[in-house]
Amino acid sequence: MRSLSAVPDRLRPLWDFDDLDASEARFRAQLAREDDEAGRAEILTQLARIEGLRGQFEAGERLLREAESRSGDSAVAAVRVDLERGRLRRSGGDPAAALPLFESAYARALAADEGFLAGDAAHMAALAGADREAYAAWTKRGIELAESNDEARYWRGPLLNNLGWEHFEAGEHEQALEAFERALAAREEDPGNGSAIALARYAVAKALRALGRVGEAVPLVEQSVAWAEGEGAPDGWYHEELALEYAALGRASDAREQAKLALPLLEQADHSFAEDPARATALRNLAGAD
């Protein structure tokens, strides 16, 4: 399971988002250990989230209704119910219905002095925003909270990462680089979370390559590849990015090696890869280059 040492949430260490079955087993074991109904309500919200991640939205809603019936006057349980109901609505394709739930979770969390949960709500409200302006406003609000509240500090990394990708996809590469570099600095405050650090380095490198600064990008992705192969799991996106960077530097042999490593991983894990013929053709050409 990934290290989450910088996360001040008693339930977060039970999560492994790459293994929902194992996460469910831990939460069900914790459910039996909880001392009161409010604590059990909190656990039920996390089981509801697992159902949402599986696409079982009705099952998730049933668990949330049970959580509400057990929560009593617990502010934390109420925040978690709003958060997870909002996630269910957003994942189910209704962001407009999700947004008021995230806004409610944010206000309730602030009132209860629950900084971590407030940061989570802000980051979800940004993702559920109706347009780019709403996204930017909630992201800014979340970053300001994370920079002023120790319990919310974890969310600097995710929020800045999301902001970076918003700029990147809009072609605003200078702004993307600034956000990605800030996200990397935030991630490096939790050295035990190697996965997040590797991803942050990859994002910085993507922006650097887009700006023509490929020589600066290569060492960052090389570190991401090394982490994935040594401590994580082989990652097609990292190999693909490194192949493109090596190719831009004229290192054809190195580019070919990385492209060959990337292809089977992307074909298995990235559904968009098969739907993007230009991207797939470019990588296959690199894999066959001399």
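1. A few points about the nonpolar core
- In this structure, Phe 180, Val 204 and Leu 283 are the most contacted members of the largest nonpolar core, which totals 35 residues.
- Looking at this core, the elements that each hand over two or more residues are helix 9 (173–187), helix 10 (194–210), helix 11 (214–230), helix 12 (236–248), helix 13 (252–269) and helix 15 (277–287).
- The biggest single contributor to this core is helix 10, with 9 residues.
- When near neighbours in sequence (up to four residues on either side) are disregarded, Val 204 contacts Leu 177, Phe 180, Glu 181, Leu 184 and Leu 220.

2. Digging into the packing of helix 9 against helix 10
- Direction vectors running N to C along helix 9 and helix 10 enclose 160°, while the axes themselves pass 9 Å from each other. Comparing their axes, helix 10 and helix 9 come out roughly antiparallel. Crossing of helix 9 against helix 10: the hand is left-handed. Side by side, helix 9 and helix 10 meet where His 173, Leu 177, Phe 180, Glu 181, Leu 184 and Arg 187 of the first sit next to Ala 196, Ile 197, Ala 200, Arg 201, Ala 203, Val 204, Ala 207, Leu 208 and Ala 210 of the second.

3. Considering the packing of aromatic side chains
- Summed over the entire model, instances satisfying the criterion amount to 9 aromatic pairs.
- Between the aromatic rings of Tyr 106 and Trp 138, the centroid separation amounts to 5.1 Å while the plane-to-plane angle is 85°, which identifies the pairing as edge-to-face. On the criterion of sequence distance, the pair formed by Tyr 106 in helix 5 (residues 95–111) and Trp 138 in helix 7 (residues 132–148) is long-range, its members being 32 residues apart.
- For Trp 138, a relative accessible area of 9% translates into the label buried.
- Taken together, a centroid distance of 4.9 Å and an interplanar angle of 85° make the contact between Tyr 154 and Trp 155 edge-to-face.
- The class of Tyr 154 is buried, set by a relative accessible area of 15%.
- In this structure an aromatic cluster arises from ring pairing among Trp 15, Phe 17 and Phe 27.
- Positioned above the aromatic ring of Trp 15 is the side chain of Arg 49, whose terminal nitrogen or guanidinium carbon lies 5.3 Å from the ring centre.
- Over the ring of Trp 138 we find Arg 141; its NZ or CZ atom is 4.1 Å from the centre of that ring.

4. As for the pattern of salt bridges
- Inspection of the entire model under this criterion finds 31 salt bridges.
- A salt bridge links Arg 10 to Glu 42, with the nearest nitrogen and oxygen atoms 3.6 Å apart. In this pair, Arg 10 sits in the segment before helix 1 (20–33) while Glu 42 sits in helix 2 (residues 37–53), placing the two residues 32 residues apart along the sequence.
- The class for Arg 10 is partly exposed, based on a relative accessible area of 45%.
- For Glu 37, the salt bridge goes to Arg 40, with nearest N and O atoms at 2.6 Å. Remark: Arg 40 and Glu 37 occur in helix 2; sequence separation between them is 3 residues, near one turn of the helix.
- What makes Arg 40 partly exposed here is its relative accessible area of 21%.
- Each of the salt bridges in this network shares a partner with another, and the network as a whole consists of Asp 9, Arg 10, Glu 34, Glu 42 and Arg 80.

5. Thoughts on unusual backbone geometry
- You will see that Asp 113, though not glycine, has its phi angle at about 60°, which is positive.
- Checked against the element boundaries, Asp 113 lands in the loop between helix 5 and helix 6 (115–128).
- The class of Asp 113 is exposed, set by a relative accessible area of 60%.

6. Regarding the environment of Ala 136
- Inspection of the secondary structure puts Ala 136 in helix 7.
- Between the alpha carbons of Ala 136 and Ala 146 there is a distance of 15 Å; along the sequence they are 10 residues apart.

7. Some points on the packing of helix 12 against helix 15
- One way to put it is that helix 12 packs onto helix 15 with a least axis distance of 11 Å and a crossing angle of 65°. In terms of their interaxial angle, helix 12 and helix 15 are classed as roughly perpendicular. Note on packing geometry: the crossing formed by helix 12 with helix 15 is left-handed. Counted together, Trp 237, Glu 240, Ala 243, Leu 244 and Ala 247 of helix 12 and Arg 279, Leu 283 and Leu 286 of helix 15 form the full contact between these two elements.
- Considered class by class, the residues forming the contact of helix 12 with helix 15 number 6 nonpolar, no polar and 2 charged.

Definitions and limits used
- Note that residues are indexed from 1 along each chain, following the sequence as it is written.
- Predicted model: local features are reported for residues with pLDDT of at least 70 only, side-chain atom pairs are reported and counted for 80 or more only, and whole-chain, interface and lining totals are derived from all residues.
- Excluded from the side-chain calculations are hydrogens and water; all other atoms, namely the structure's heavy atoms, are used.
- Working definition of a nonpolar core: buried Ala, Val, Leu, Ile, Met, Phe, Trp, Tyr and Cys residues. They are joined through side-chain atoms within 4.5 Å.
- Only protein chains enter the accessibility calculation, which uses a 1.4 Å probe. A residue is then buried if its area is under 20% of the maximum for its type, exposed if over 50%, and partly exposed in between.
- A run of H or I in DSSP becomes a helix once it reaches four residues, and a run of E becomes a strand once it reaches two; helices and strands are each numbered from the N terminus.
- Any two residues having at least one pair of non-hydrogen atoms within 4.5 Å are treated as being in contact.
- Here the axes come from fitting lines to C-alpha atoms, over the contacting stretch only for helices, and the angles between their N-to-C directions go from 0 to 180 degrees.
- Note on terminology: angles under 35 degrees are roughly parallel, angles over 145 are roughly antiparallel, angles of 65 to 115 are roughly perpendicular, and the others are oblique.
- Each crossing gets its hand from how the near helix is turned against the far one by less than a right angle, where anticlockwise is left-handed and clockwise is right-handed.
- Think of it this way: a Phe, Tyr or Trp ring, Trp meaning its six-membered ring, pairs with another when their centres are within 6.5 Å, and the plane angle makes it stacked under 30 degrees, edge-to-face over 60, tilted otherwise.
- Geometrically, a lysine NZ or arginine CZ counts as sitting over a ring once it is within 6 Å of the ring centre and also within 35 degrees of the ring normal.
- Salt bridge criterion: a side-chain nitrogen from Lys or Arg within 4 Å of a carboxyl oxygen from Asp or Glu.
- Classes in brief: Ala, Val, Leu, Ile, Met, Phe, Trp, Tyr, Cys and Pro nonpolar; Asp, Glu, Lys and Arg charged; the others, Gly included, polar.

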